[in-house]
Amino acid sequence: MGEFVLSGRESLGIEFGSTRIKAVLIDENCNPVAFGGYTWENSFENGIWTYPLSQVWEGLQEAYEELNNDVFEKTGKYITTLSSIGFSAMMHGYLPFDKDGNQLCEFRTWRNTITGEAAGELTELFNFNIPQRWSIAHLYQAILNGEEHINDIAFLTTLAGYVHWKLSGKKVLGIGEASGMFPIDCAAKDYNEEMLNKFSSLEKVKSLDWNIRDILPKVLLAGENAGTLTQEGAALLDKSKRLQAGALMCPPEGDAGTGMVATNSITERTGNVSAGTSIFSMVVLEKPLKKVYEEIDIVTTPTGSDVAMVHCNNCCTDLDYWVNIFAEFAKATGSDMPKYKIYDLLYEAALSGDANCGGLVNINYFSGEPVSHTEDGRPMFLRKQNSTFSLANFFRAQIYSTMSTLKIGMKLLEDEGVKIDRLMGHGGLFKTPIVGQKLMAGAMRAPVSVMETASEGGAWGMAVLARYATENEKSLEDYLDEKVFASFKSSTIEPDEEDAKGFDEYMKLYEAALEAEKTAYQNI
């Protein structure tokens, strides 16, 4: 790619991740040309994992300003016009509003495990797995709880849908994001009509002043027009007021959908693993699963094809805390080694550890995990008296713990006979070259590939979807193959049999240790 020249025909993608809001600007060939970001963290208030919506706007403006300054440093100009914009965010959760647009309760994120009663009832009613984090589970739990705001709901959306609504005036969602609110009928490319009827017929729902069809966002497919940036929206995005209204808005998507796009994993028998604060795998199905699994969600690609999703709430948070301890120690010795180098050193040390971690086991749970049937989390490191306690084994156990719960769900797909031709990795776990990729390949007993775009992740995937909305003459699958990924490089690591056997041994300890985990959160 040559020197970047600002043309006004660029596309912008912004993704609200769990710990970072990322902004990526791409040129007309989908090359990333400028970046911005903002660090934030959820808070646990009154038993609810949440973010204040005021910080959504603060973070959005800061990320965009940093990106705009990056553009200025590279071109000597600030952005005034954009071709298209797309917003993505953590999927699921609960954001209800009244008819005047007032927020009715705190934003309840995907991380909450407080809807078990509702999720269980709806799963039985629909004969379709409804995870605790899905919006419909949160809604029905609020109904079962008799919460005061329930009758006042006029609109229910996700974080991505909320930001899109405020910037465009349109109450819409991309089909992949919508599939994490309410089940989708892939033939109709819309919410499942039979399940909408079943929900509406529930006794506690019939008495309410609204119909479920009226409060959910409209479903759109990738490439469809989802409105344009309004003058008010431009002011919300760019506090310098340089940005003009009128950019095309593509359907807002969830981080699962943007991960699929960013790894070119939207065709049958392809899959990807996104590993950051949470970890989840997405495998595009050839045919429906034979059974309903509480551990597996059925969502869709941004084009509306069925995807088996194994979502785990906990991934790299605990690992990061341990890295901080090593960073504190390094500082105490007088070292000025930056944190990213400490990360790399610890990751690389893990490669020399025993394949089974020498009898060490780490439980990385900060919150509950429906996949392993744990209701709460207590981070916990365990070892027997005669375990081989070394730095290499210790940190290998940290990395293994990030993917252990995922393995529990993926084993069910193996048992179903689901075929995966390629598994693409992206997210923080794969930032250090080779290590996370190699250990994941052994754990999943499948080749794992990482693309050179992996560090851009979902924000870049969202920018690509925004670009596609302006060039949608061909299918998204063909667009990705022929235009976006034709020249991008990737590296693939095949599973090592010793790693695979070692991880299987580690998993026996891990699953046994879950009983201690349950005892820990029940008593501490």
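Everything here concerns the structure above.
Computed from a predicted model, the values in this text were never measured in an experiment.

*Asks:* Can you break down the environment of Tyr400 residue by residue, with the values?
*Replies:* In this structure, Tyr400 sits in helix α13 (residues 391-416). The buried category is assigned to Tyr400, whose relative accessible area is 1%. For the pair Tyr400 and Tyr510, spaced 110 residues apart in sequence, the C-alpha to C-alpha distance is 9.6 Å. If we skip the residues at most four places from it in the chain, Tyr400 touches Ala355, Cys357, Leu439, Asp499, Phe503 and Tyr506.

*Asks:* Please give an account of the nonpolar core that cites residues and values.
*Replies:* Within the largest apolar cluster, 129 residues are counted, with the highest numbers of intra-cluster contacts made by Leu139, Phe199, Ile399, Met403 and Met440. Ranked by the residues each element gives to this core, the list is headed by α13, at 11 residues. Here Leu139 is in contact with Tyr94, Ile150, Ile153, Leu156, Phe199, Trp210, Ile212 and Ile215, once residues within four sequence places are set aside. Listed in part, the 44 residues of the second largest apolar core include Ala34, Tyr38, Leu53 and Trp165.

*Asks:* Would you mind going over the pairing of strand β22 (residues 448-451) in detail, with residue names and values included?
*Replies:* The side-chain alternation of β22 yields two buried faces, one formed by Val448 and Val450 and the other by Ser449 and Met451. In this fold, the crossover linking strand β21 (residues 422-426) to β22 by way of helix α14 (residues 435-444) has right-handed handedness. In the sheet, β22 pairs with strand β23 (residues 490-493) via four bridges, with the strands oriented antiparallel. The residue of β23 that forms the bridge with Met451 is Ser490.

*Asks:* Tell me about the side chain of Glu416, residues and numbers included.
*Replies:* Positionally, Glu416 belongs in helix α13. The exposure class of Glu416 is buried, given its relative accessible area of 9%. Residues contacting Glu416, with those up to four places away along its chain left out, are Leu289, Lys290, Lys291 and Tyr293.

*Asks:* For the packing of helix α2 (residues 116-126) against helix α3 (residues 135-145), give the residues involved together with the corresponding values.
*Replies:* Between α2 and α3, the least distance of the axes is 8 Å, while the angle of their chain directions is 110°. In this view, α2 runs roughly perpendicular relative to α3, as classed from their interaxial angle. Of the two possible hands of crossing, α2 and α3 adopt the one that is right-handed. Of α3, the residues touching α2 (which contributes Gly116, Glu117, Ala118, Ala119, Glu121 and Leu122) are Ile136, Ala137, Tyr140, Gln141 and Leu144. Counted by class, the contact of α2 with α3 contains seven nonpolar, two polar and two charged residues.

What counts and what doesn't
- Each chain has its residues counted from 1, following the order in which its sequence is written.
- At least 70 in pLDDT is required for a residue's local features to be given in this predicted model, at least 80 for side-chain atom pairs to be given and counted, and no such filter applies to totals for whole chains, interfaces and linings, which use all residues.
- Values reported for side chains reflect all heavy atoms of the structure, with hydrogen atoms and water molecules removed beforehand.
- Put simply, DSSP marks the helices as runs of H or I at least four residues long and the strands as runs of E at least two long, and each gets a number from the N terminus on.
- Partly exposed describes any residue whose relative accessible area lies between the buried limit of under 20% and the exposed limit of over 50%, with all areas from a 1.4 Å probe on protein chains only and scaled to the type maximum.
- The contact definition used throughout considers only heavy atoms, calling two residues in contact when any of these lie within 4.5 Å.
- By nonpolar core is meant a set of buried Ala, Val, Leu, Ile, Met, Phe, Trp, Tyr and Cys residues that side-chain atoms within 4.5 Å join together.
- Place the viewer so that the strands point away; then a crossover is right-handed whenever the path from the first strand over the helix to the second strand goes clockwise.
- One bridge is not enough; two strands pair if DSSP finds at least two bridges between them.
- Working convention: axes come from line fits to C-alpha atoms, limited for helices to the stretch in contact. Angles between N-to-C directions cover 0 to 180 degrees.
- Orientation is classified from the angle alone, with under 35 degrees giving roughly parallel, over 145 giving roughly antiparallel, 65 to 115 giving roughly perpendicular, and any other angle giving oblique.
- Take the far helix as your reference; a near helix turned counterclockwise from it by less than a right angle gives a left-handed crossing, and one turned clockwise gives a right-handed crossing.
- Each residue receives one of three labels: charged for Asp, Glu, Lys and Arg, nonpolar for Ala, Val, Leu, Ile, Met, Phe, Trp, Tyr, Cys and Pro, and polar for the others, Gly being one of them.

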